[in-house]
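Coordinates in review
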Amino acid sequence: MSTSRGRTPEQFDAHRVRGRFNSAFFWVMGGYINWHMRKRKADVFADLPSPLVELGSGVGANMRYLPQNSHLIAVEPNPYMHTRLRRAARAAGVSLEIRGVVAERIDLPDASADAVISSLVLCTVRNPDLVLAEVRRVLRPGGRFSFTEHVAAKRGTPTRWVQRLLRRPWAWIFEGCSCERDLEHVIRTAGFSAVDLDHYRIHSPFLPFNTHIAGTAVA
Ligand SMILES: C[S@@+](CC[C@H](N)C(=O)[O-])C[C@H]1O[C@@H](n2cnc3c(N)ncnc32)[C@H](O)[C@@H]1O
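These lines cover the structure that appears in this document, whether it is placed above or below.

Here is what the cut-offs are and how they apply
Residue numbers restart at each chain and count upward from 1, following the sequence in its written direction. Selection of residues for local features in this predicted model requires a pLDDT of at least 70, selection of side-chain atom pairs for listing and counting requires 80 or more, and totals for whole chains, interfaces and linings are taken over all residues. For the side-chain quantities, the full set of heavy atoms in the structure was used; hydrogens and water were omitted. It suffices for a single heavy atom of a residue to lie within 4 Å of a molecule or strand for the residue to be listed as near it. Polar contact criterion, stated in full: a pair of N or O atoms within 3.5 Å, where within protein one must be able to donate a hydrogen and the other to accept it, and residues adjacent in sequence count only if both atoms are side-chain atoms. Think of it as three bins: nonpolar holds Ala, Val, Leu, Ile, Met, Phe, Trp, Tyr, Cys and Pro, charged holds Asp, Glu, Lys and Arg, and polar takes everything else, Gly as well. Comment: elements are numbered from the N terminus, with helices defined as DSSP H or I runs of at least four residues and strands as E runs of at least two. Buried residues are those whose accessible area, probed at 1.4 Å on protein chains only, stays under 20% of the maximum for their type, while exposed residues exceed 50% and partly exposed ones sit between those limits. Criterion used throughout: strands pair if DSSP finds at least two bridges between them. Between N-to-C directions, angles cover 0 to 180 degrees, with each direction set by a line fitted to C-alpha atoms, over the stretch in contact for helices. Note on contacts: a residue pair qualifies if any of its non-hydrogen atoms lie within 4.5 Å across the two residues. As used in this record, nonpolar core signifies buried Ala, Val, Leu, Ile, Met, Phe, Trp, Tyr and Cys residues forming a set joined through side-chain atoms within 4.5 Å. The pairing test for Phe, Tyr and Trp rings, Trp by its six-membered ring, is centres within 6.5 Å, and the orientation test on the planes gives stacked under 30 degrees, edge-to-face over 60, and tilted for anything in between. A positively charged side chain is recorded as over a ring if its NZ (Lys) or CZ (Arg) lies within 6 Å of the ring centre. The angle to the ring normal must also be within 35 degrees. The handedness of a crossover follows from its direction of travel: if, with the strands pointing away from the viewer, the path from the first strand over the helix to the second runs clockwise, the crossover is right-handed. The arc in question is the one spanned by the directions pointing from the helix axis to the C-beta atoms.

Digging into the site of the ligand
Residues in contact with the ligand amount to 19 residues; listed here are only the nearest, Gly56, Glu76, Ala103, Glu104 and Ser119. Between the ligand and glutamate 104 there is a distance of 2.9 Å, counted from a nitrogen atom to a side-chain nitrogen or oxygen. One of the side-chain N or O atoms of serine 119 is found 2.5 Å from an oxygen atom in the ligand. Partitioning the shell around the ligand into residue classes produces 11 nonpolar, six polar and two charged.

Here it is as structure tokens:
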């Protein structure tokens, strides 16, 4: 399948400048972003099994939710994240296996995972429907997908208006990130046997980024 930009969803173009910028940005800002999301993350990322699959691990924002000595399979196609991700895993006492592929095509067998997690990733992947089909494929029946993601604000609200206005520069800086995705709909229609999610708002100066969902879907 081709996209309008002539690339397939299985391809990831690592940008030399923006790739490095995003790696440094999430390294520096990770603590602040996590502070805003901490209560929801503590809830949905409680009792994670090992091994665990994470989509778009970035520089390791979620290491703190993994028990010591657990094994993380990180699906992270951006090579500029990998050095910091390895460093974060070492500091957290987590054994790390990086899969440098996109979440639209995960190189893991069917029904091989007990759990998959993501935070702030479905906004950036090229094709969230394909990603969720892959999550369902790699999860064993009854396995869980736990997520904390930012989403489109309600239509007609000032936040939605700002999300629209800033969509192009935002996507350019943050490597394709969209603040206008209805990810609740995407997750609820992905074919999971059960979905439990909440909407919540954070209060950061990054206005387009403030409307979130968090929850768990069962395969
Ligand atoms: C906004 S960052 C979030 C990183 C981390 N999860 C966090 O919460 O800080 C988005 C991450 O998704 C990764 N990513 C982008 N496209 C992806 C894809 N198609 N499949 C998997 N990961 C992807 C990026 O490289 C980046 O690490």
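We are not done yet, so read on.
What to know about unusual backbone geometry
The peptide bond linking serine 50 to proline 51 adopts the cis configuration, its omega dihedral lying at -5°. Within the secondary structure, proline 51 is located in the loop between α1 (16-44) and β1 (52-55). The backbone of aspartate 47 sits at a positive phi, close to 55°, despite the residue not being glycine. Structurally, the position occupied by aspartate 47 is in the loop between α1 and β1. With a phi angle near 70°, asparagine 69 is a residue other than glycine that sits in the positive phi range. Of note, asparagine 69 is situated in the loop between β1 and β2 (71-75). A relative accessible area of 66% places asparagine 69 in the exposed class.

Describing the sheet that holds β1
Where strands meet in a sheet, backbone hydrogen bonds hold them as pairs that are either parallel or antiparallel. With mixed pairing, the seven strands of this open sheet are ordered in space as β3-β2-β1-β4-β5-β7-β6. Either end of the sheet is taken by a strand with one partner, and the two such strands are β3 (95-99) and β6 (194-201). With direction set aside, neighbouring strand axes in the sheet form an average angle of 15°. For β1 and β2, the ladder comprises four bridges, and the chain directions are parallel. Note on β2: the bridge partner recorded for leucine 55 is valine 75. Lying on the sheet, helix α3 (residues 128-138) is in contact with β1, β4 (113-119) and β5 (139-150); it crosses β5 at an angle near 145°.

Describing the nonpolar core
The biggest cluster of nonpolar side chains holds 29 residues, and the ones touching the most others in it are Leu48, Leu52, Met63, Leu72 and Val94. Contributing elements (two or more residues each) for this core: α1, β2, α2 (82-92) and β4. Not counting the four nearest positions on each side in its chain, methionine 63 is found in contact with Leu72, Leu85, Ala88, Ala89, Ala92, Val94 and Leu96. The next biggest cluster of nonpolar side chains, apart from the first, holds 28 residues, and it includes Ile73, Leu132, Leu197 and Ala217.

A look at the packing of aromatic side chains
One pass over the structure, following the stated rule, counts nine aromatic pairs. A ring pair is formed by phenylalanine 25 and phenylalanine 26, whose centres lie 5.2 Å apart and whose planes are at 80°; its orientation type is edge-to-face. Residue phenylalanine 25 is classed as buried on the basis of its relative accessible area of 16%. Judged by its relative accessible area of 28%, phenylalanine 26 falls in the partly exposed class. Put simply, the rings of Phe21, Phe25, Phe26, Trp170, Phe174 and Phe206 touch in pairs and so form one group of aromatic residues. The ring of tryptophan 172 carries the charged tip of arginine 18 above its face, separated from the ring centre by 4.5 Å.

Considering the pairing of β2
With respect to burial, β2 is a largely interior element, four of its five residues being buried. Here β2 runs beside β3; their pairing, made up of five bridges, is parallel. Its bridge partner lying in β3, alanine 74 is registered against isoleucine 98. Assessed by its sense of winding, the connection that carries the chain from β2 through α2 to β3 is right-handed.

A look at the environment of methionine 63
Checked against the element boundaries, methionine 63 lands in the loop between β1 and β2. Along the chain, methionine 63 and alanine 92 lie 29 residues apart, while their C-alpha atoms are 6.3 Å from each other.

A few points about helix α4 (residues 158-165)
Those residues of α4 that fall on the buried side of the exposure criterion are Thr159, Arg160, Val162 and Gln163. For α4, the angular spread of buried residues about the axis comes to 160°, placing them on one side. Across from the buried face of α4, at angles greater than 90 degrees, the exposed residues are Pro158, Trp161 and Leu165. Structurally, α4 contributes buried residues whose contacts are with α5 (167-173), β6 and β7 (211-218).

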